[in-house]
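What follows is each chain in one-letter form.
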Amino acid sequence: YTIMLVDTADSPFHPILHYGASNIPVESLLQSEDFVLSSVDTFESYRGPSPPAFIPGIQEQLFNYEWIVAPQSSFVEELPEVPSNTRFDYNAYLASVDATIFATSYLSAGFCVTALLDPPAPPPVSSAPVTPAPVSLFDPAPVTTAPITTAAPVMATPTTVAPVVATL
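Residues numbered from 1 in each chain as written. Predicted model: local features only at pLDDT ≥ 70, side-chain atom pairs only at ≥ 80, totals over all residues. Heavy atoms only, no water.

(A) Geometry of unusual backbone geometry. Cis peptide bonds are those with omega within 30 degrees of zero, and the linkage from H14 to P15 qualifies with -5°. Within the fold, P15 resides in the loop between β1 (2–7) and β2 (16–21). Phi is positive for N23, close to 60°, though the residue is something other than glycine. Examined against the element boundaries, N23 turns out to sit in the loop between β2 and α1 (26–30). Assessed through its relative accessible area of 17%, N23 is described here as buried. For D98, which is not glycine, the phi torsion reads 55° and is therefore positive. Since its relative accessible area comes to 47%, D98 is described here as partly exposed. (Helix = DSSP H or I, 4+ residues; strand = E, 2+ residues; numbered from the N terminus. Buried < 20%, exposed > 50% of the residue type's maximum accessible area, 1.4 Å probe, protein only.)

(B) Quick look at the packing of aromatic side chains. Scanning all chains against the criterion turns up three aromatic pairs. Aromatic side chains F88 and Y93 sit 6.1 Å apart centroid to centroid with 45° between the ring planes, which places their arrangement in the tilted category. Assessed through its relative accessible area of 5%, F88 is described here as buried. Here Y93 falls in the buried class, since its relative accessible area comes to 4%. Taken together, the ring pairs connect F43, F88 and Y93 into an aromatic cluster. (Phe/Tyr/Trp six-rings, centres within 6.5 Å; stacked < 30°, edge-to-face > 60°.)

(C) A look at the nonpolar core. Ranked by size, the top nonpolar core spans 14 residues in total, and within it M4, L17, F43, F88 and Y93 carry the most contacts. Those elements giving two or more residues to this core turn out to be β1, β4 (63–70) and α2 (90–96). Of all hydrophobic cores here, the second largest spans 13 residues; its members include A21, I24, F35 and V40. (Core = buried A, V, L, I, M, F, W, Y, C linked by side-chain atoms within 4.5 Å.)

(D) Spotlight on the pattern of salt bridges. Applying the stated rule across the entire model yields one salt bridge. The salt bridge partner of R47 is E44, with a shortest N-O separation of 2.6 Å. On the basis of relative accessibility, which here comes to 9%, the residue E44 falls in the buried class. (Salt bridge = Lys/Arg side-chain N within 4 Å of Asp/Glu carboxyl O.)

(E) Main features of the sheet that holds strand β5 (residues 103–109). Taken together, five strands build an open sheet; the order of strands is β3-β2-β1-β4-β5 and the sheet is antiparallel. Two strands bound the open sheet, and with one partner strand each, they are β3 (42–44) and β5. Here the strands of the sheet are splayed against their neighbours by 15° on average, with no regard to which way each runs. (Pairing = 2+ DSSP bridges. Axes fitted to C-alpha atoms, helices over the stretch in contact; angles between N-to-C directions.)

(F) Spotlight on the side chain of H14. With respect to the helices, strands and loops of the structure, H14 is situated in the loop between β1 and β2. Side chain to side chain, H14 and D7 meet in a polar contact 3.3 Å long. Those residues in contact with H14, other than ones at most four positions away along the chain, are D7, A9 and R87. (Polar contact = N/O pair within 3.5 Å; in protein donor to acceptor, adjacent residues only side chain to side chain. Contact = heavy atoms within 4.5 Å.)

So, to be careful, I would describe these as geometric facts and stop short of saying anything about function.
Below, the structure written as structure tokens:
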């Protein structure tokens, strides 16, 4: 079997290959409850998304991915070279390993925040002396004339993203 993860969006750089493995024995797919994609020989290791950050709105964009599962007619001794993961012609690759698409599964995903790189600066604190206003016996609470500047910056903590394990 050949299994691939391909970003199938419509752009001059697509399709983009994000993962690929060939020569996966059917027994490992059917008999193993613990089958993990990282345990097979890959022709393309997993590559996460890395779109250009200068594109406006890219952090809010969803990306479309397709898992492709294709049985091969036989084991391929020497897998074809994949010179680039962009503009990946997955139909040509499948033909070169004599595989036919059996099943596909689609998903859309976006960015995950892992850290706040540029935290906001704290508000300035006034160094002017605070002069309390006169308090009357009839007022329910004292009143201050100085502005209140007690806002604290909000900090995000880095998160760990667990690796995805696919079970077929």
